[in-house]
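Analysis of the macromolecular model
Listed below are the residues making up each chain.
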Amino acid sequence: MWGSPKPMSSTLPLFAHSVASFVAAADKVAIAVALAAAAGAKFLATYYVNVVRWRPHTHRPSTNLPFPLHFVGHMPDRVFLRPCGRSLEAYMGECRRAGESCALLHSFAGPVFFPFDRRDAEYILRRGGNFKKARIFDTLATIFGKMGLFTQRDDATHSVHRKALTSAFASDALRVAFDSVITGCALDLVDRVAEIVRPAPCGGEPRAAVDLEPLVNAYALKVILAAAFGSLGTCDKANVEFRRMITAFGNAKQMFIPGGRWILTKAMRDFLASASAVRRLCVAAVEDAKSHETSDDTRRKLLVDYIADSRRSGLFNDEAVADHIVTFLLAGHETTTTHVMWALYLLAKHPHVQRELLEDLEAAVTIDQMPSLDTLHALTLLNNVHKEALRLYPPAVGIVREAAVNEFLPFSQVFVPKGAEVFVSVFCMQRDPAIWGDDALEFRPSRFDDRAFIDEHVGMGGYLPFSHGKRNCIGKDLAQDESLMAIAVVVRRFRLALPANTPAQVALSQRLTLRPRDPVLLEIYPRAPPSTRTGK
């Protein structure tokens, strides 16, 4: 009457589906409970930190928060650094008008001192032992590892590793190898750009406005891969994995909230998976380089060889080797890509500067000639464009330090208790009218010709694209060479312009570096030889 029972094989899929649905529902409940518990703990912890513990150290009345904001703080999202919904620039201006030179911002992780005086910034970065790497770098260790120079919080270990790696970057052999690599990769870059605009006649209309970021990214990655490993075999795959990880990093903003990385949302899972893939790729590249080691003393020595020497001597363990390689590959190409793209955007936006730069380049090299780095270093305007682009759009928007002892900022007269974080806003310092003058927001490369002004009014604390002190960027000279070459060869062979619908101000997005929120499109016109141009 009831019919024959269904075979077991037909009920298994239904049972499995029911179990999966139950697990999915339980997972959502667990996440909701975890979020509620975290919110409750955050409420109590923030009240204690912001009201009970740190309130006595807030010396400036206007930096005190109204009662409702005790619990959410100035910076609900530390990635965007927008206190009370305002940009840091606007907030700094308000505090300046109130006669203040330092503000106390409250965040999920506790108080963050925000000095405005460039002399305080220089003081903080000079006193490396008293202001160590902040806790936020433990979060970034998810990408770079804990032993790399960028995320290493122990000053003694950092000093030893930095000394060993500095000798590698300073070696004549590596410099020569790097120079030849840059030239070859730059030639490949202009060839790829030419492929895009080839349908357009010289000086004619471009086929379309294009995003050059993928090509510049591939160029920067090729340079660092070739200099580090002497091989481009993994370049395409590495390019894909790095871009995927950077996108995932921008989506997983919860990691900057204490405990947020343990809440495995889809964005967080995607980021962790892509970060693991990048790390495996770097480790595989190291192993591949080791397998091709040879006893031939005439072989060109690569960056990985210098790191391998430190491992054989016992200075680096396997974890340190992997962390240093990940740091060099990721930070080395990502910052260069961002900077070159901003420089090209600014030149497209200011055609008169682009024309002046072209005249300098035409006097130095022919259109079919690749310039040497010595030639580029001698071009004043090119170097000033490089510096001015770094000033307006620094790849790293800020420097975060944690007070290792009770400290006192001498110029703003503010006491910084042990354990407090200090945020030096590179972005704000380099756009501050009090430092750079009323035209601080304008693109004016010639400002760097006035050395007396730079030395007297800017100093080291007002211009920090590569940081300052013992923790400054170890590869800044190589990054400069890489950037100068890319800017020079693109401008020498192509005219750049912005499409008519480009907004006056590009919206910004802070991921690993300061990037435009949306792709910046450029119109690209192949340059005709001077003899064939109208009027020449």
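In case you missed it, the structure is sitting above this.
Below is a summary of the structure that appears in this document. (Residues numbered from 1 in each chain as written. Predicted model: local features only at pLDDT ≥ 70, side-chain atom pairs only at ≥ 80, totals over all residues. Heavy atoms only, no water.)

**Concerning the environment of Lys132**
Among the secondary structure elements, Lys132 is positioned in strand 3 (residues 131-133). Along the chain, Lys132 and Ala403 lie 271 residues apart, while their C-alpha atoms are 6.5 Å from each other. Aside from chain neighbours lying at most four places away, what touches Lys132 is Arg153, Asp155, Arg401, Glu402 and Ala404. (Helix = DSSP H or I, 4+ residues; strand = E, 2+ residues; numbered from the N terminus. Contact = heavy atoms within 4.5 Å.)

**Description of the packing of aromatic side chains**
Given two aromatic rings, one states the distance between the centres and the angle between the planes to describe the pair. Here the structure, examined in full by the defined rule, presents 8 aromatic pairs. Relative to Phe423, the ring of Phe114 lies with its centre 6.2 Å away and its plane at 50°, an arrangement referred to as tilted. Here Phe423 lies in strand 7 (residues 421-425) and Phe114 lies in strand 2 (residues 110-115), a separation of 309 residues in the sequence. We classify Phe423 as buried; its relative accessible area is 7%. Aromatic pair Trp436 and Phe448: ring centres 5.9 Å apart, planes at 55°, arrangement tilted. Of this pair, Trp436 sits in helix 16 (residues 433-436) while Phe448 sits in the loop between helix 16 and helix 17 (451-458), and the two are 12 residues apart along the sequence. This pair shows no difference in class: Trp436 is buried, exactly as Phe448 is. Members of the aromatic cluster, joined through ring pairs, are Phe114, Phe116 and Phe423. When the ring centre of Trp436 is taken as reference, the NZ or CZ atom of Arg391 above it lies at 5.1 Å. The positively charged end of Arg495 is found above the aromatic ring belonging to Tyr525, 3.9 Å away from the centroid. (Phe/Tyr/Trp six-rings, centres within 6.5 Å; stacked < 30°, edge-to-face > 60°. Buried < 20%, exposed > 50% of the residue type's maximum accessible area, 1.4 Å probe, protein only. Lys NZ or Arg CZ within 6 Å of the ring centre and 35° of its normal.)

**As for the side chain of His386**
By the secondary structure assignment, His386 is in helix 14 (residues 380-392). Judged by relative accessible area, which is 3%, His386 ranks as buried. Discounting chain neighbours no more than four positions away, the residues touching His386 are His339, Gln480, Ser483 and Leu484.

**Description of the side chain of Thr336**
Mapped onto the elements, Thr336 comes out in helix 11 (residues 318-349). Classification of Thr336 by relative accessible area gives buried; the value is 2%. Not counting the four nearest positions on each side in its chain, Thr336 is found in contact with Ala220, Ala479, Glu482 and Ser483.

**Here's the deal with the packing of helix 5 (residues 155-169) against helix 11**
At a minimum axis separation of 13 Å, helix 5 and helix 11 run at an interaxial angle of 55°. In terms of their interaxial angle, helix 5 and helix 11 are classed as oblique. Pair helix 5 / helix 11 crosses with right-handed handedness. Where helix 5 abuts helix 11, its residues His161, Leu165 and Phe169 lie against Ala320, His324 and Phe328. Across the contact of helix 5 with helix 11, the residue classes break down as 4 nonpolar, 2 polar and no charged. (Axes fitted to C-alpha atoms, helices over the stretch in contact; angles between N-to-C directions. Parallel < 35°, antiparallel > 145°, perpendicular 65-115°, else oblique. Left-handed = near helix turned anticlockwise from the far one by under 90°. Nonpolar A, V, L, I, M, F, W, Y, C, P; charged D, E, K, R; others polar.)

**Looking at unusual backbone geometry**
Its identity as a non-glycine residue notwithstanding, Gln413 has a phi of 60°, on the positive side. In this structure Gln413 comes out as partly exposed when scored by relative accessible area, which is 46%. Even without glycine at this site, Ser467 takes up a positive phi of about 65°.

**Observations regarding helix 18 (residues 476-493)**
A rise of 1.5 Å per residue sets the reference length of helix 18, with its 18 residues, at 26 Å; its end C-alpha atoms lie 26 Å apart and thus fit the reference within 8%. With respect to burial, helix 18 is a largely interior element, 15 of its 18 residues being buried. (Expected span 1.5 Å × (residues − 1).)

**Things to note about the nonpolar core**
By size, the foremost hydrophobic cluster in this structure holds 109 residues, and its most contacted members are Leu212, Tyr219 and Phe271. A total of 16 residues in this core trace back to one element, the largest contributor, which is helix 11. Excluding anything up to four places from it in sequence, Leu212 contacts Val193, Met341, Leu344, Leu522 and Ile524. By size, the runner-up hydrophobic cluster in this structure holds 24 residues, among which are Leu104, Val414, Met429 and Val458. (Core = buried A, V, L, I, M, F, W, Y, C linked by side-chain atoms within 4.5 Å.)

**Observations regarding helix 12 (residues 351-364)**
With 14 residues, helix 12 should reach 20 Å at 1.5 Å per residue; the first-to-last C-alpha distance of 20 Å fits that figure. Looking only at helix 12, the buried set comprises Val353, Gln354, Leu357, Leu358, Leu361 and Glu362. The elements touched by buried residues of helix 12 are helix 11, helix 14, helix 18 and strand 8 (494-497).

**What about the pattern of salt bridges?**
In this structure the tally under the stated criterion is 15 salt bridges. The closest approach of N and O atoms between Arg515 and Glu213, which form a salt bridge, is 3.1 Å. Of this pair, Arg515 sits in strand 10 (residues 514-516) while Glu213 sits in helix 7 (residues 213-229); the two residues are 302 residues apart in sequence, bridging distant segments of the chain. Like Glu213, Arg515 is buried. With a closest N to O distance of 3.4 Å, Asp439 and Arg447 form a salt bridge. No difference in accessibility class separates Asp439 from Arg447, as the two residues are buried. Within this structure, Glu388, Arg391, Asp439, Arg444 and Arg447 form a network of salt bridges that share partners. (Salt bridge = Lys/Arg side-chain N within 4 Å of Asp/Glu carboxyl O.)

**Considering the environment of Val424**
Within the secondary structure layout, Val424 lies in strand 7. For Val424, a relative accessible area of 0% translates into the label buried. For the pair Val424 and Leu464, spaced 40 residues apart in the sequence, the C-alpha separation amounts to 9.5 Å.

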